[in-house]
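Descriptive analysis of the structure
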Amino acid sequence: MKLNKLKIGKTETSGNLLLAPMADVTNLAFRLLCRQNGADLTYTEMISADALLNENRKSILKGLSSPEDRPFGVQLVGSSPEKLREAALFIEDEYKPELIDVNMGCPAKRIIGTGCGSALLNSQKLVYEIISELTGVLKTPVTAKIRILRSEEKTLEIARLIEEAGASALTVHGRRAEQMYSENSDLTAIRAVKQELSIPVIANGDIRDEESAEAALDFTGCDGLMIGRAAMGNPFIFRRIRHYLETGERLELDRQVRQLEDFENYIALLEKYDLQTSTNLRMHAHWFTKGLHGSRQIREKINNLKDGKAMIELIKDFSREKY
Ligand SMILES: Cc1cc2nc3c(=O)[nH]c(=O)nc-3n(C[C@H](O)[C@H](O)[C@H](O)COP(=O)(O)O)c2cc1C
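Residues numbered from 1 in each chain as written. Predicted model: local features only at pLDDT ≥ 70, side-chain atom pairs only at ≥ 80, totals over all residues. Heavy atoms only, no water.

Of the regular secondary structure elements, the protein holds 14 helices and 11 strands. Taken against the 2.2 N^0.38 rule, which gives 20 Å for 323 residues, the C-alpha radius of gyration of the protein at 19 Å falls within 12% of a compact globule. For the protein, the spread of C-alpha atoms along the three principal axes comes to 60 × 45 × 35 Å. The buried share of the protein, reckoned over its 323 residues, is 56%. Taking contacts inside the protein between residues at least 6 apart in sequence as the whole, the part at least 24 apart equals 69%. On the protein, roughly 14300 Å² of surface is accessible, and the fraction owed to carbon and sulfur atoms is 47%. Once the 45 positive and 47 negative side-chain charges of the protein are each reduced to a mean point, those two points are 3 Å apart. (Helix = DSSP H or I, 4+ residues; strand = E, 2+ residues; numbered from the N terminus. Rg over C-alpha atoms; globule rule 2.2 N^0.38 Å. Buried < 20%, exposed > 50% of the residue type's maximum accessible area, 1.4 Å probe, protein only. Contact = heavy atoms within 4.5 Å. Areas by Shrake-Rupley, 256 points an atom, 1.4 Å probe, with all protein chains shown as cover. Lys, Arg positive; Asp, Glu negative; His and termini not counted. Charge placed at Lys NZ, Arg CZ, Asp CG, Glu CD.)

Right, let's talk about the domain arrangement of the protein for a bit. It is common to report an interface's size as the accessible area lost on association of the parts. Along its sequence, the protein is organised into domain 1 (6–247) and domain 2 (255–322). Of note, the centres of domain 1 and domain 2, computed from C-alpha atoms alone, are 28 Å apart. Counting residues at the interface gives 19 residues for domain 1 and 17 residues for domain 2. Overall, the association of domain 1 and domain 2 removes approximately 1500 Å² of surface from exposure, summing both partners, and the carbon and sulfur fraction of that is 66%. Between domain 1 and domain 2 we count one salt bridge in total. Two residues, Asp 274 and Lys 62, come together in a salt bridge whose shortest N-O distance is 3.9 Å. For the interface between domain 1 and domain 2, the tally reads five residue pairs in polar contact (both at pLDDT 80 or more). Of all the elements, helix α1 (residues 28–36) adds the most residues to the side of domain 1 that touches domain 2, at six residues. Across the side of domain 1 that touches domain 2, the residue classes tally to nine nonpolar, seven polar and three charged. (Domains from an automatic or database assignment. Buried area = accessible area lost by both parts, 1.4 Å probe. Salt bridge = Lys/Arg side-chain N within 4 Å of Asp/Glu carboxyl O. Polar contact = N/O pair within 3.5 Å; in protein donor to acceptor, adjacent residues only side chain to side chain. Nonpolar A, V, L, I, M, F, W, Y, C, P; charged D, E, K, R; others polar.)

Neighbouring residues of the ligand: 16 residues in total, closest Gln 75, Lys 145, Asn 204, Asp 206 and Arg 229. Within the side chain of Lys 145, one N or O atom sits 2.8 Å away from an oxygen atom of the ligand. Asn 204 places a side-chain nitrogen or oxygen 2.5 Å from an oxygen atom of the ligand. For the ligand, whose unbound accessible area comes to 610 Å², protein coverage reaches 88%. (Near = heavy atom within 4 Å.)

Take the UniProt feature "domain: DUS-like FMN-binding" (unreviewed entry) in the protein next. If you check UniProt for "domain: DUS-like FMN-binding" (unreviewed entry), the listed places come out as residues 18–313 in our numbering. Note that residues 18–313 is 47% helix and 14% strand, and that its end C-alpha atoms are spaced 32 Å apart. (UniProt positions renumbered as here; feature names shortened; annotations may be inferred.)

This next bit is on the pattern of salt bridges. Once the charged atoms of two side chains with opposite charge are near each other, the side chains can pair. Following the criterion strictly, the structure yields 25 salt bridges and no others. Of the charged contacts in the structure, one is a salt bridge between Asp 69 and Arg 31, with a shortest N-O distance of 2.5 Å. Separated by 38 residues along the polypeptide, Asp 69 in the loop between α3 (57–60) and β6 (72–77) and Arg 31 in helix α1 bring together distant segments of the chain. Judged by its relative accessible area of 1%, Arg 31 is buried.

Shown next as structure tokens:
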């Protein structure tokens, strides 16, 4: 039994599997689906503090969360401690999330170009200021998500500063920003951070199945695992890993049936929360049909469809052809 409880701030979860924040992916419907499949804690995709303060809040925050979406963290991206504080206070007041996370790892050009995401890691002073500004005013526990730096020493310095500034947990993606997604996530670097800090450390990067989950937990000794890309179109990954960590046995299921069911649930949740127009349905449809019988033809046809129900009928037609 390797599925441990996780305690971050006042939030205690029965397991330690987290859904990673992912732009255009981890909308409310998708997070609820991962939760139903056993994710213990989920994060929203990053929300720009600048945009929240200067643009149409209503549209940025449409369908951000719901009462069933607990416990959840809201991730903010920004570079100004004052703006992040203002945005975080607004989020705390309006949504009362269990956690507020600061994105210190995004390597995308449009994000680092404005000094945000992984660009923050170039300034220890700013990292410290941001986290202490937030922990100083918020009632909500603050977490941060970083990538590793070129030297282990620098990674540990940043990690220590984040802890000293009052963060309640730290997620470490074991790649440097300039690597983007190339090479493997470095478990040794993540383990070094875990050994250095007293707050919970969450390992992230390349957890894609039962073995990689078990290996990451065993090797790093981390308090939790955060899963990103492997959950896209595949929220069932949480159930599989959870079951394996609890019992040492694998869950075997018909992929065709399961993926279709998950996609149907996803569409139903989009409808329930009126999110059809604000999420990229086709992209999700592609992920949910990956590896299915006739997936190439399904995808080509999906590109001409706008409606989720029509997509489901299409996939069902292909499934029927198979049997
Ligand atoms: C499509 C996509 C969007 C992402 N958006 C965010 C984001 O908004 N905030 C963030 O901290 N990381 C973001 N990430 C990074 C993931 O949270 C995670 O750190 C990374 O994918 C490595 O984990 P994995 O190997 O489990 O995917 C994103 C990744 C992907 C693939």
